[in-house]
Amino acid sequence: MPIDLLGHLGRGVAVGLAQAGGAIILCLAVIALCRRFAVRVEREAVISLARGLVQMVGVGVVLALLLHGGLLVGALILLGMMFAAAVTAARRARNIQGALLVCFWSIAASSGVVIAAMIAMGTLETRIAMLVPVGSMIIANAMNACAQAAERFRADVASHVGQVEAGLALGADPAVTVAPYVQSAVYASLLPRLDMLKSLGLVWIPGVMAGMMVSGASPIYAGIYQFILVVMILTASGIAGLAVTLLLRTRAFSPAAQLILRGGEASAARQAAQGA
Amino acid sequence: MSVTTGLAASDCADHGHRNAAPRGSDAGTAAVAALTLETSRLSRAVAGKILLNDVSVLIPPGEITAVVGPSGAGKSTFLRLLNRLDEPTGGSVLLNGQDYRAVPPRTLRRRLGMVMQMAYLFPGTVAANIGFGPKQRDETMAAGQIAALLERVGLPGYQDRDVRTLSGGEAQRVSFARTLANAPEGLLLDEPTSALDEASVRGIEELLLGIVAEHRITCVIVTHNRPQAARIASRTMVLEAGRLVASGPTSEVLHAD
């Protein structure tokens with residue numbers, strides 16, 4: 001393995017770092033321009049650039065080390081990515097108890113089902129070099145859908161407490177009282193992916209297709225493959241958005257059908273008081 | 001229907017099942033034995049802050065009891081606990097002697113109807129709003145029942161009106177009718193007239209007095225308006241800083257103040 005790594009280090013890493021340096025300089029120039037217009041993002045941008053470079057080199061090193069690992073190694077890497085994605089998505093639902101677990105199950109279920117389906121259909125090989133990058137795309141989109149759905153559901157319910165409680169006070173099932181907000185949350189989580197599918201090939205040619213063409217694949221097959229990938233991303237997003245919203249819905253109410261999702265500290269205190 | 005504006009009343013209407021028989025309509029049932037409400041050391045604290053402290057009170061059946069007190073006294077908390085929209089952290093509520101935790105929350109809330117400070121009508125028509133409660137039990141109100149109920153609350157012919165076109169007073173009357181459509185044995189009202197003009201206030205008061213007299217509904221009304229309590233309530237309880245400081249016939253309690 002160390003020999004593999006040295007081999008990879010020898011192949012154009014220095015060139016890559018030099019090219020990254022060029023990209024960073026261009027980006028810093030834009031940040032300097034922004035500063036002239038009192039848009040002060042230099043600190044955040046520099047940190048983000050440094051983090052991004054270190055993280056991507058780190059991922060490259062890990063992949064280089066594990067390139068010949070089996071399916072189990074690949075699955076463990078994806079599992080770690082799912083957990084990291086859940087931590088990020090759960091920040092959008094931090095007023096809800098158990099949000100991390102809810103996000104993890106939603107992301108794991110959605111990306112797990114889609115990755116397994118792609119492997120079963122033969123559109124995804126189990127080689128780490130393919131499984132991890134493609135799997136990460138699925139997971140990242142599931143994470144975004146999960147976060148968007150969670151945020152929308154939380155915000156909608158918190159801003160319609162009166163109507164939800166009016167429904168409860170009339171003897172409605174809690175699920176009925178938040179049904180409109182479940183719909184809007186799932187729709188909001190799908191919208192960016194639907195737009196992505198609509199604009200595919202017209203507005204943007206995604207990276208996978210470009211990469212496949214660069215490495216000599218037929219442009220037509222590369223296009224079809226990219227379409228399959230975007231459809232699978234949409235599928236994973238749908239499952240993630242729906243799963244997280246339905247799981248959050250159950251946590252929005254106490255066992256006695258009392259609304260406990262209200263936003264802010266009041267929500268946490270209410271959850272504690274109602275033993276939810 | 002906008003999915004972001006709340007429950008759509010139209011989602012809940014017009015699929016034929018059993019017919020509802022609202023107590024407050026001409027088609028309603030005959031009066032049943034009025035509900036006796038009793039709280040036993042009822043308390044609620046949130047994050048260490050005591051909102052209601054050891055309130056024990058008997059609310060007599062078929063009468064209007066007013067809950068008065070300054071802002072932050074725990075009046076709304078008391079009402080929300082009666083409807084179990086919040087959970088007591090101590091004590092309980094008895095319905096005809098039965099601990100209300102033994103009653104499924106949805107059944108409890110149908111039996112104890114609640115009218116809130118704001119009408120919170122669901123997007124759609126007036127008729128669909130009124131049919132919402134029965135719809136939750138797979139019951140459908142006949143058009144005649146809805147018309148009779150609307151007439152009773154002073155809004156004849158309003159069935160097909162979009163709720164967005166109603167004034168504040170009209171919306172609160174629809175909210176009343178919507179609660180009555182569930183044929184409740186008790187009515188909990190949380191400052192239902194605080195956002196209305198004087199004429200609407202008097203109209204709602206007359207409506208409430210009429211309905212309670214006709215149907216012997218046990219009624220608890222939270223109000224910061226003591227003259228209103230004097231006009232409509234036979235009994236009054238006074239809350240201060242979460243504690244019950246006085247309770248009894250309205251004339252005695254308000255006079256003692």
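In this section: the overall build of chain A. Helix and strand counts for chain A stand at 12 helices and 0 strands. When the helices and strands of chain A are read in sequence order from the N terminus, they spell out α-α-α-α-α-α-α-α-α-α-α-α. Dimensions of chain A, computed from C-alpha atoms along their principal axes, come out at roughly 70 × 55 × 40 Å. Residues counted as buried form 37% of the 276 residues belonging to chain A. Within chain A, contacts between residues separated by at least 24 positions form 73% of all contacts whose residues are at least 6 apart in sequence.

A word on the overall build of chain B. When you go through chain B residue by residue, the secondary structure sums to 9 helices and 12 strands. The 257 residues of chain B split such that 51% are buried. Pairs at least 24 apart in sequence give 74% of the contacts found in chain B among residues at least 6 apart.

On to the sheet that holds strand β5 (residues 90–95) of chain B. All names here are of chain B. Here 4 strands make up an open sheet; going across it, the order is β3-β2-β5-β6 and the pairing antiparallel. What marks the edges here is a single partner per strand, and that holds for β3 (49–59) and β6 (98–99). Pairing of β5 with β6, which is carried by 2 bridges, proceeds in the antiparallel orientation. Along β6, the bridge assignment pairs L95 with Q98. Contacts between helix α1 (residues 75–82) and the sheet are confined to β2 (37–46), β3 and β5, with β3 contributing the most and set at about 65° to the helix.

The next thing to look at is the domain arrangement of chain A. Each assigned domain of chain A is listed here: domain 1 (1–68) and domain 2 (70–273). Using C-alpha coordinates to define each centre, domain 1 of chain A is positioned 28 Å away from domain 2 of chain A.

Residue and element names in this part refer to chain B. Phi at D54 is positive, roughly 55°, even though this residue is not glycine. When you line up the elements, D54 lands in strand β3. Backbone geometry places R84, a non-glycine residue, at a positive phi of 60°. Its place among the elements puts R84 in the loop between α1 and β5.

What follows is about the nonpolar core. In this structure, A:A89, A:C103, A:I107, A:A142, A:C146, A:A150 and A:V244 are the most contacted members of the largest nonpolar core, which totals 131 residues. Among the elements that take part in this core, helix α6 (residues 128–159) of chain A stands out by supplying 14 residues, more than any other.

Contacts between the two partners involve 27 residues from chain A and, on the opposite side, 28 residues from chain B. For the side of chain A that touches chain B, the secondary-structure elements that each account for two or more residues are α7 (161–169), α8 (174–177), α9 (179–198) and α12 (264–273) of chain A. Top contributing element to the side of chain A that touches chain B by residue count: α7(A), with 7 residues. Classifying every residue of the side of chain A that touches chain B gives 12 nonpolar, 11 polar and 4 charged.

Another aspect to go through is the packing of helix α4 (residues 71–90) of chain A against helix α5 (residues 99–121) of chain A. Residues and elements named next belong to chain A. For the pair α4 and α5, interaxial distance at closest approach is 8 Å and the crossing angle is 130°. Between α4 and α5, the angle falls in the class oblique. Once α4 is placed against α5, the crossing between them reads as right-handed. Residues M82, F83, A85, A86, V87, A89 and A90 of α4 touch α5, and the partners they reach there are A99, L100, C103, F104, I107, A108 and S111.

All names here are of chain B. The mixed open sheet is built from 6 strands, whose spatial order is β7-β9-β10-β4-β11-β12. Each edge of the open sheet is held by one strand with a lone partner, namely β7 (112–115) and β12 (243–249). Averaged over all pairs of adjacent strands, the angle between strand axes in this sheet comes to 15°, irrespective of strand direction. Strand direction decides the pairing type here: strand β4 (residues 64–68) and strand β10 (residues 218–222), joined by 4 bridges, are parallel. By the bridge assignment for β10, T65 is matched with V220. α1 rests against β4, β7, β9 (186–190), β10 and β11 (235–240) of the sheet, and its axis sits at about 150° to β10.

What counts and how
- Residues numbered from 1 in each chain as written.
- Chains lettered and ligands numbered in written order.
- Predicted model: local features only at pLDDT ≥ 70, side-chain atom pairs only at ≥ 80, totals over all residues.
- Helix = DSSP H or I, 4+ residues; strand = E, 2+ residues; numbered from the N terminus.
- Buried ≥ 20, exposed ≤ 12 C-beta atoms within 10 Å, placed from the backbone.
- Contact = placed C-beta atoms within 7 Å.
- Pairing = 2+ DSSP bridges.
- Axes fitted to C-alpha atoms, helices over the stretch in contact; angles between N-to-C directions.
- Domains from an automatic or database assignment.
- Core = buried A, V, L, I, M, F, W, Y, C linked by C-beta atoms within 7 Å.
- Nonpolar A, V, L, I, M, F, W, Y, C, P; charged D, E, K, R; others polar.
- Parallel < 35°, antiparallel > 145°, perpendicular 65-115°, else oblique.
- Left-handed = near helix turned anticlockwise from the far one by under 90°.

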